[in-house]
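# Fold and contact review
So you can see what is in the structure, the chains are spelled out below.
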Amino acid sequence: MTPRPATIDDVSMLARVHVQAWQEAYPDLLPAAEIAVRTFEKRQFLWARVLSKEHGRVWLIEDKGFAHIGPQREDMWRERGYPEELYAMYLIRDGYGLGRPLLEAAFGPDGRPFTACVLEGNDRACAFYEKSGGQLLMTRDEMVGASQVVERVYGWTAAPFAG
């Protein structure tokens, strides 16, 4: 399966995959109420806004997963040479194994150094980021809704899987 750029016509699919991926990835990391509040309708609104404003690049693999990358939101990382940020990358269970082409597509041919955050305890995602060349830059306390979590920040200075 080949990743392709998302369009406004993909809003419902992105929302459905986003909700399902959260339900599959986070039951041991976040309270059920925190997962449940992220509804299909809220995700539709989010993706319609993202795609209509053309904020960053969104790549998807039909009904399996997506990656969203764009300008770095944190001054600290931009100042340290990471001009881009992987805002989100999710695959449903049925899409496991498709992360590599999705991440490579999101990075793009002219990709620049980027960061990505992942919840500590999401061992599958941490292992994937490390295998792809991401270096652990820091861990920090963050909030997901009303839940305090530990987040791991990874950084890439070269294309994923380059080394």
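Refer to the structure above for everything that follows.
Residues numbered from 1 in each chain as written. Predicted model: local features only at pLDDT ≥ 70, side-chain atom pairs only at ≥ 80, totals over all residues. Heavy atoms only, no water.

Glancing now at empty space enclosed by the protein. One pass over the structure, following the stated rule, counts one cavity of 30 Å³ or more. Estimates place the volume of the largest cavity at around 40 Å³. In this structure, the largest cavity is lined by Met 13, Leu 14, Val 17, Leu 60, Ile 61, Asp 63, Gly 65 and Phe 66. Those elements giving two or more residues to the lining of the largest cavity turn out to be helix H1 (11-25), strand E2 (57-61) and strand E3 (65-71). For the lining of the largest cavity, a count of residues per class yields six nonpolar, one polar and one charged. (1 Å grid on protein atoms, 1.4 Å probe; cavity = no way out; pocket = protein on both sides within 12 Å on 5 of 7 lines; lining within 4 Å. Points joined across faces, edges and corners; volume = space filled by probe spheres on them. Helix = DSSP H or I, 4+ residues; strand = E, 2+ residues; numbered from the N terminus. Nonpolar A, V, L, I, M, F, W, Y, C, P; charged D, E, K, R; others polar.)

Counting 22 residues, the largest nonpolar core has Leu 14, Leu 30 and Phe 66 as the members making the most contacts within it. Secondary structure elements with two or more residues in this core: H1, helix H3 (40-53), E2 and strand E4 (84-91). It is H1 that provides the largest number of residues to this core, a total of six residues. Residues within four places of Leu 14 in sequence aside, it is in contact with Ala 6, Trp 47, Leu 51, Val 58, Leu 60 and Phe 66. Ranked by size, the runner-up nonpolar core spans 20 residues in total, among them Ala 116, Cys 126, Tyr 129 and Tyr 154. (Core = buried A, V, L, I, M, F, W, Y, C linked by side-chain atoms within 4.5 Å. Buried < 20%, exposed > 50% of the residue type's maximum accessible area, 1.4 Å probe, protein only. Contact = heavy atoms within 4.5 Å.)

Relative to the 21 Å expected for 15 residues at 1.5 Å per residue, H1 spans 21 Å between its end C-alpha atoms, a close match to the ideal helical length. Among all positions in H1, only Val 11, Met 13, Leu 14, Ala 15, Val 17, His 18, Val 19, Ala 21, Trp 22 and Glu 24 are buried. (Expected span 1.5 Å × (residues − 1).)

Time to look at the sheet that holds strand E1 (residues 4-5). If you trace the seven strands from one edge of the open sheet to the other, you get E1-E2-E3-E4-E5-E7-E6, paired in mixed fashion. The open sheet has two edge strands, E1 and strand E6 (135-144), and neither has a second partner. Two strands pair when backbone bridges link them, and E4 and strand E5 (residues 114-119) are joined in this way by three bridges, in the parallel orientation. Bridged to Glu 84 within E5 is Phe 114. (Pairing = 2+ DSSP bridges.)

A few words on the packing of aromatic side chains. Following the criterion strictly, the structure yields 12 aromatic pairs and no others. Relative to Phe 114, the ring of Phe 107 has its centre 5.7 Å away and its plane inclined at 50 degrees; by these criteria the two rings are tilted. Like Phe 114, Phe 107 is buried. Members of the aromatic cluster, each reached through a chain of ring pairs, are Phe 107, Phe 114, Phe 128, Tyr 129, Tyr 154, Trp 156 and Phe 161. (Phe/Tyr/Trp six-rings, centres within 6.5 Å; stacked < 30°, edge-to-face > 60°.)

In this structure, the largest pocket encloses a volume near 1,400 Å³. Lining of the largest pocket is provided by 49 residues; of these, Tyr 26, Ala 88, Met 89, Tyr 90 and Cys 117 occupy positions nearest its centre. Mapped onto the lining of the largest pocket, the elements with two or more residues apiece are H1, H3, E4, helix H5 (99-107), E5, helix H6 (123-131), E6 and strand E7 (147-156). No other element matches E4, which puts seven residues into the lining of the largest pocket.

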